[in-house]
Structures are given as structure tokens and as C-alpha cells.
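An overview of the molecular structure
Chain by chain, the residues run as shown.
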Amino acid sequence: MLNREHFEDLDKTDPLTSFYEEFDLPEGIVYLDGNSLGPLPKKSKERARQVVEQEWGRDLIKSWNKAGWFHMGERIGDKIGGLIGADPGEVIACDNTSINLFKVLSLALDMRADRRKILMEGSNFPTDNYVAQGLTKHLGYGHEVIFAERDQLIDAITEDVAVVSLVHVHYKTGRIMDVKAVMEKARSVGALVVWDLCHSAGAVPVELNDWKADFAVGCGYKYLNGGPGAPSFVYVAKRHQGRFRQPLDGWWGHKAPFDFTRDYEPAEDIWQMMTGTQPILSMSLLEEGVDQMTRADMGLIREKSKRMGDLFIQLVDEKLEGYGFEIVSPRDAEERGSQVAMTHEYGYPVVQALIERNIIGDFRAPDILRFGFGPLYTRYVNIWDMVETLQDVMQKNLWNLPEYQAKAAVT
Ligand SMILES: Cc1ncc(COP(=O)(O)O)c(C=O)c1O
């Protein structure tokens, strides 16, 4: 049987402890929702002040050059690229994940003009499906989105598929997709592949160039700790750049925006993925989160994340038996991202009861409770405390109060 001391001991020898103090987490909060919104790095507060007061307030428009605002997307993109196995010039930070997905899916369909199918997993994060469905409708050339779930996925990658668009780490279950199998099959039939790395970047090792990936997108507000609504990133493999055009011709994607020419001439490199003016304040905060992440060792992050997930599952098995929870994340840590999900018939009120007790996870309809581990700020002892609190909530039926039943707009 596990006990709290075991978790305290793990914290004492955790090689990532120095990062704990870099976050501005409220006292007493157990934050297990960094898979949805990463917490605030202390340095980001300083940076926000600097951008607002000095760069904007004092230097005004000069900051486009003086503070490097104009090239921020490329600069941050290169840093993120280093975290996900891309070369400089293959990643740019801009827009949001949905928009970037629209761009790369459209690009991919252009590259496979003789094919009409986008293959996806139906249980993808909804925006992926919606964007693909919207794009095919907009194109109006008989394109279609076809769905296959995990077991049928590889077989469904056939010669008429133009692009396979998949979430690398599943947003609900945390299951990691079998990249090798997907890439091999896609290559063998000439299909392109788009990876959604929202739940991967900063949490699990990603090697886009080793994978021989074509395109990828991901968000900045989860494990990259870039802040609410932080810009997204988009990867286009060097070999695909300059050959096809993303569809949103905005002046920032022009090869010389400040020539102000009448007609659009796309940049030939990753810069073409830009559209219009970027949110500089948000970009600045994203850069702080990314800078912090680049100082951490991904091997240590992954080891700790796997261990925390294993311990969490072990504790749930030991302490919550008979309360109706079912672990739906893979039990094998190698197949799991940095979160553990479980189902419960009354998942929503149970999560609300936990939040009221300072344990923050989230709920995903219809019945999933998700708990994410951010190895830079989650302590082992948080896991023990979380499961103990949940046991208490279940034993005393504390979730079954009227105020926990009504769903808020964001769950
Ligand atoms: C897998 C995945 N893709 C995309 C998104 C969101 O995309 P956007 O940045 O456009 O809101 C999320 C958000 O949680 C996600 O989990």
C-alpha cells in the first residue's frame, strides 16, 4: 500500500524541483489542469509588465523593430521547433490551432489534387473535425471527411486518401497514437499526414523530422504555459515549403509586406503561414513559457509524467474501488500522454466538489474526469492529496449537492 511519505520522498529527490518556484500558483491549490491551461510562470508577469509599460507605453510603434515584435512569430516558432524535433524555419507561432489546421489541411489537399478524402478519428478534438468538414464544404469539389476509430484507422489509410489528420495525444483519454504505423501506412499509399500536437508539445517527446512528418499544429496555452488564448504554432516540413499556398492570403504572409503591392505574392518559406497582425502581448507571454520549457530536460519531464500517471492509477485502484470510476487512459505509461482520465456517471458534480476543495481538474462530456500532470509544477504529493480528497468526496457523498449539478459554460 502506498502512503503519503512515499510521495514526499519522491518530491525530495525530484530533479525538476527547481522549476516549482518559477510558477505563481496560489497557495493550497492542487492544479491538475495544465492539459487545458498551463499555470502562470512568474517571469511572464514581468514580461507582461515590460511589454505593456515599456515596449507599448514608452516605445510605442518603434517596438515593431526595436523590441523585435515583427519577427516574434518566427523566433518563437524556432524555439518551439527545438522542442518538437523540427529544424529552424519549419515552425512559426501565429493564429490559433483551428485556423492553422485549416491552412495546412487546405495545403495538403492542394498537394494531392487527384484525391478527395480527409481521414480523421471521429473522437478527435471537435475543432479538428469541424475545421475539416467546413473546409471540404467550402471547397465544393466533392471532398469529404471520413472517420475511422483507432482499430480501423490503419486499414482506412488507402490510396484515395489525400490527408490523414490526427491528434497525437488524445484529448480525452490521453492515448498516444502509434505514429510509426500511421506514417508508414500513409507513406506507402502516398497520403500526407497532419499531426495535432496540442496535448503533446512540452509534455511528451515529439520528433517531427525523424517521423518524416508533413504538417503539424499545436496550441501554446497547455503544456507550453503560454497563457489563456496563447497563439498556436504550425509546422510545415521544409520539403513542402514554397511549393503550395495556404489559402488565407493576408499581408503578413506576403513576401515583402512593407512593399504594399496591389497583388499578393506569397513568401516562399514558413513566413507564408502568417495571415495578419499578431497579438503581441500574448505572443510575448508564449515566448516566456516556451523559454522556460526549453530549459527543462524533456527526458526528465517524460519520466516524471509517466511515473505520476502510474502512481495516480495505482492510488485510484487502491482507494476508489467500488465508487464507480473507470480508468479510460492506457494503463501502460508508454501509451499515455501526461494525463489520466476516468469515467464516472456523475463526473461533472464530482469535479465541482473537488474544485471547491482546491483540487482542480476538469470534466469532458459526457462522463470524463481529466487530470493532467505538468512535471514542472505538479508535485508527487499533489497526486496523493488529490486521490485522498476524492475518496473523502465519495465516502461522504459530498458531490451530491444541488450547487454542483448545474453546468457552467466552460466545464
Ligand atoms: C487536440 C486539440 N486541438 C485543438 C484544440 C483547440 O484549438 P484552438 O486553439 O483553435 O482553440 C484543443 C483545445 O483544447 C485540443 O485539445
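Procedures and definitions
Throughout, residues of each chain are indexed from 1 in the direction in which the sequence is written. Whole-chain, interface and lining totals are the exception, using all residues; otherwise, since this is a predicted model, local features are given only for residues with pLDDT of at least 70 and side-chain atom pairs are given and counted only at 80 or more. Calculation of side-chain values draws on the structure's entire complement of heavy atoms; hydrogens and water are dropped beforehand. Each reported salt bridge corresponds to a side-chain nitrogen of Lys or Arg within 4 Å of a carboxyl oxygen of Asp or Glu. Only DSSP runs of H or I reaching four residues or more are called helices, and only runs of E reaching two or more are called strands; each is numbered from the N terminus. Relative accessibility under 20% of the residue-type maximum defines a buried residue, over 50% an exposed one, and the middle range a partly exposed one, all with a 1.4 Å probe and only protein chains included. If DSSP finds at least two bridges between two strands, the strands pair. Seen with the strands pointing away from the viewer, any crossover whose path from the first strand over the helix to the second strand runs clockwise is right-handed. Any residue with a non-hydrogen atom lying within 4 Å of a molecule or strand is treated as near it. Pairs of N or O atoms are called polar contacts if they sit within 3.5 Å, as long as, within protein, a hydrogen donor faces a hydrogen acceptor (for residues adjacent in sequence, only side-chain-to-side-chain pairs). When residues are grouped by polarity, Ala, Val, Leu, Ile, Met, Phe, Trp, Tyr, Cys and Pro land in nonpolar, Asp, Glu, Lys and Arg in charged, and all others, Gly among them, in polar. Among buried residues, those of type Ala, Val, Leu, Ile, Met, Phe, Trp, Tyr and Cys that are joined through side-chain atoms within 4.5 Å constitute a nonpolar core. Note that domain bounds follow an automatic or database assignment of domains. What makes two residues a contact is simply this: any of their non-hydrogen atoms within 4.5 Å. Only centres within 6.5 Å qualify two rings of Phe, Tyr or Trp (six-membered ring in Trp) as a pair; their planes then separate them into stacked at under 30 degrees, edge-to-face at over 60, and tilted for everything else. Only when the NZ atom of a Lys or the CZ atom of an Arg is both within 6 Å of the ring centre and within 35 degrees of the ring normal do we say a charge sits over the ring.

Here we take up the pattern of salt bridges. One pass over the full model with this rule turns up 31 salt bridges. Residue R47 is joined to E288 by a salt bridge in which the shortest nitrogen-to-oxygen separation is 3.0 Å. Of the two residues, R47 sits in helix α2 (residues 42–58) while E288 sits in helix α10 (residues 280–295), which places them 241 residues apart along the sequence. According to the relative accessible area criterion, E288 is buried, its value standing at 13%. For K396, the salt bridge goes to D392, with nearest N and O atoms at 2.7 Å. What makes D392 partly exposed here is its relative accessible area of 26%. Several salt bridges converge on common partners, so that one network encompasses R47, R75, K79, E287, E288 and D291.

To continue, consider the pairing of strand β3 (residues 117–120). In the sheet, β3 pairs with strand β4 (residues 144–147) via four bridges, with the strands oriented parallel. In the strand pairing of β4, L119 is matched with I146. With helix α6 (residues 126–139) bridging β3 and the parallel β4, this β-α-β connection has right-handed handedness. Examined bridge by bridge, β3 and strand β5 (residues 161–167) share four bridges and lie parallel to one another. Its bridge partner lying in β5, K117 is registered against V161.

What follows is about the site of the ligand. With respect to spatial proximity, 13 residues lie near the ligand, and among them S98, D196, H199, Y221 and K222 are the closest. Between the ligand and the protein, one listed contact pairs an oxygen atom with a side-chain N or O atom of T97 at 3.1 Å. Contact distances for the ligand include 3.1 Å between an oxygen atom and a side-chain N or O atom of Y221. Counting residues per element, the ones that place at least two in the shell around the ligand are α5 (97–111) and α6. Looking at side-chain class alone, the shell around the ligand contains five nonpolar, five polar and three charged residues.

All right, on to the sheet that holds strand β9 (residues 326–327) then. Within the open sheet, the four strands sit side by side as β9-β10-β13-β12. Their pairing is antiparallel. In this open sheet, the two strands that pair with only one neighbour each are β9 and β12 (362–364). Examined bridge by bridge, β12 and strand β13 (residues 368–372) share three bridges and lie antiparallel to one another. Paired with D362 across the strands is R370, a residue of β13.

In this section: the nonpolar core. Note that soluble globular proteins tend to have their nonpolar side chains buried in a common cluster. Membership of the largest hydrophobic core comes to 58 residues, with the highest contact counts inside it found for I84 and W195. Two domains each provide a minimum of three residues to this core, namely domain 1 (4–41 + 297–404) and domain 2 (70–294). The contacts of I84, once residues within four sequence positions are left out, are V91, L197, A201, V206, E207, L208 and F233.

Right, let's get into the environment of G134. Here G134 lies in helix α6. Separated by ten residues in the primary sequence, G134 and E144 place their C-alpha atoms 10.0 Å from one another.

Right, let's get into the packing of aromatic side chains. Using the criterion set out here, one finds 19 aromatic pairs in the structure. On the basis of an interplanar angle of 85 degrees and a centroid distance of 4.9 Å, the ring pair of F125 and Y171 is categorised as edge-to-face. Pair noted here: F125 is in the loop between β3 and α6 and Y171 is in the loop between β5 and α8 (179–189), with a separation of 46 residues, a long-range link. By relative accessible area, which is 36% here, F125 ends up partly exposed. By way of ring pairs, the aromatic residues W64, W69, F70, W251, W252, F258, F260 and W271 are connected into one cluster. The residue whose ring lies beneath K407 is Y348, and the NZ or CZ to ring-centre distance is 5.7 Å.

Further remarks concern the domain arrangement of the protein chain. One can read the domain layout of the protein chain as domain 1 (4–41 + 297–404) and domain 2 (70–294). The C-alpha centroid of domain 2 is placed 29 Å from the C-alpha centroid of domain 1. Taken residue by residue, the interface counts 31 residues in domain 1 and 22 residues in domain 2. Seen at the junction of domain 1 and domain 2, the total is zero salt bridges. Applying the counting criterion to the domain 1 and domain 2 interface returns twelve residue pairs in polar contact (both at pLDDT 80 or more). Listing elements by their share of the side of domain 1 that touches domain 2, those giving two or more residues are α11 (298–319), β10 (339–343) and β13. Here the side of domain 1 that touches domain 2 takes three residues from α11, the largest share from any one element. Residues that form the side of domain 1 that touches domain 2 fall into these classes: 16 nonpolar, eight polar and seven charged.

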